[in-house]
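Coordinate analysis (summary)
Okay, here's what each chain looks like letter by letter:
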Amino acid sequence: MNYQWYPGHMTKAKRMMQENIKLIDLIVELVDARIPYSSRNPDIDELGKNKARIVLLNKSDLADPACNKEWLKYFADQGAYVLELNSKSGAGVKNVQGLVQEACSAKLERDRKRGIVNRPVRAMVVGIPNVGKSTFINAFAGRACVKTGNKPGVTKGKQWIRLQKNLELLDTPGILWPKFEDQEVGMHLAFIGSMNDEIIIMDELACDLLHLLRDLYPKAVEERYDIELSGSEADILTSIAESRKCYQKGESLDLEKAAGILVEDFRSGRLGRISLERP
């Protein structure tokens, strides 16, 4: 399967971000803690050069705790301000305000020397689809100010949110980039639901996921479905279908249904805390 998804609205969203970047002091980039490398849009690096940058490892509750520590060190070594986050529960959200002040300390000092006081820091919140930007903004603001959903493409346009007198956030739609040079990146994005599932062949996606999991977290799969990881990925998917009694009319196994169960169990954390990438 060729992993690629770049609908027309993303071109428009990128253009909007380019137009607004001059208004911004700071970029707050959310990445998925399970795939921090693949969930970073290279276009945002180009867009945000010369801007202060915060990287938030969101959905860190779904990722391997040991890997989270490695990624925190990796981004800190790159010179980014970085934080572990679970926007859904609110864990880590209170620490973002201090990080914003730290990241923008040079700008605030320049303003003070020029006699500019109480000018709010303006931050653009960016990330790929379905990484949790809107959930983060609502948790950070302490109120529901933007629409959320567990599928990509809920945020359609830009929205300014005034949080306190000293901070304004610009919410932006999740965007990917026109071509994945490395298909493994596209595959990882499909695993976490950042691409439209309607264009995905789900049983192929599940076999690709099993290929990784049997190396990285074999016990997670064996214990969840009470099976042994023997044979090909297609054989393992068949075992999952039997274990979960996924049958079509007649008595043939429904592999697509079993694939959907596996992928959803990974996305929701029911398989356990799993990281697919290390620094």
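Our subject is the structure listed above.
Residues numbered from 1 in each chain as written. Predicted model: local features only at pLDDT ≥ 70, side-chain atom pairs only at ≥ 80, totals over all residues. Heavy atoms only, no water.

Below, the discussion takes up the packing of aromatic side chains. Under the definition given, this model contains 5 aromatic pairs. The interplanar angle of 15 degrees and the centroid separation of 5.4 Å between the aromatic rings of Phe-136 and Phe-140 together place this pair among those described as stacked. Of this pair, Phe-136 and Phe-140 both sit in helix α6 (residues 133–141), 4 residues apart, which is roughly one turn of that helix. Phe-140 matches Phe-136 in its accessibility class, with the two residues each being buried. Three or more aromatic residues joined by ring pairs make a cluster, and in this case those are Trp-71, Tyr-74 and Phe-75. Over the ring of Phe-266 we find Arg-34, and its NZ or CZ is 5.2 Å from the ring centre. (Phe/Tyr/Trp six-rings, centres within 6.5 Å; stacked < 30°, edge-to-face > 60°. Helix = DSSP H or I, 4+ residues; strand = E, 2+ residues; numbered from the N terminus. Buried < 20%, exposed > 50% of the residue type's maximum accessible area, 1.4 Å probe, protein only. Lys NZ or Arg CZ within 6 Å of the ring centre and 35° of its normal.)

Attention now goes to the pattern of salt bridges. Under the counting rule described, the total for this entry stands at 17 salt bridges. Here Glu-29 and Arg-40 are joined by a salt bridge, their closest N and O atoms 2.9 Å apart. Of this pair, Glu-29 sits in strand β1 (residues 26–32) while Arg-40 sits in the loop between β1 and α2 (42–47), and the two are 11 residues apart along the sequence. Residue Arg-40 is classed as partly exposed on the basis of its relative accessible area of 22%. (Salt bridge = Lys/Arg side-chain N within 4 Å of Asp/Glu carboxyl O.)

Below, the discussion takes up the environment of Leu-83. As for its position among the elements, Leu-83 is in strand β3 (residues 81–84). On the basis of relative accessibility, which here comes to 15%, the residue Leu-83 falls in the buried class. Remark: the alpha-carbon pair of Leu-83 and Met-1, spanning 82 residues in sequence, is separated by 34 Å. Residues within four places of Leu-83 in sequence aside, it is in contact with Val-55, Leu-56, Leu-57, Leu-72, Gly-92, Asn-95, Val-96 and Leu-99. (Contact = heavy atoms within 4.5 Å.)

This part covers the nonpolar core. Residues Leu-56, Phe-136, Leu-176, Leu-189 and Met-195 are the most contacted members of the largest nonpolar core, which totals 79 residues. A total of 7 residues in this core trace back to one element, the largest contributor, which is helix α8 (residues 202–216). Leaving out residues up to four positions away in the same chain, Leu-176 has contacts with Trp-5, Tyr-6, Met-10, Asn-41, Ile-128, Pro-129, Leu-189, Ser-194 and Met-195. Counting 10 residues, the second largest nonpolar core, distinct from the first, contains Ala-33, Ala-63, Phe-75 and Val-82. (Core = buried A, V, L, I, M, F, W, Y, C linked by side-chain atoms within 4.5 Å.)

One non-glycine residue, Lys-59, lies in positive phi territory at about 60 degrees. With respect to the element layout, Lys-59 can be found in the loop between β2 (52–58) and α3 (65–77). Positive phi, close to 65 degrees, is recorded for Asn-130, a residue that is not glycine. Mapped onto the fold, Asn-130 is located in the loop between β4 (121–126) and α6.

All we've got here are geometric facts, nothing functional implied.
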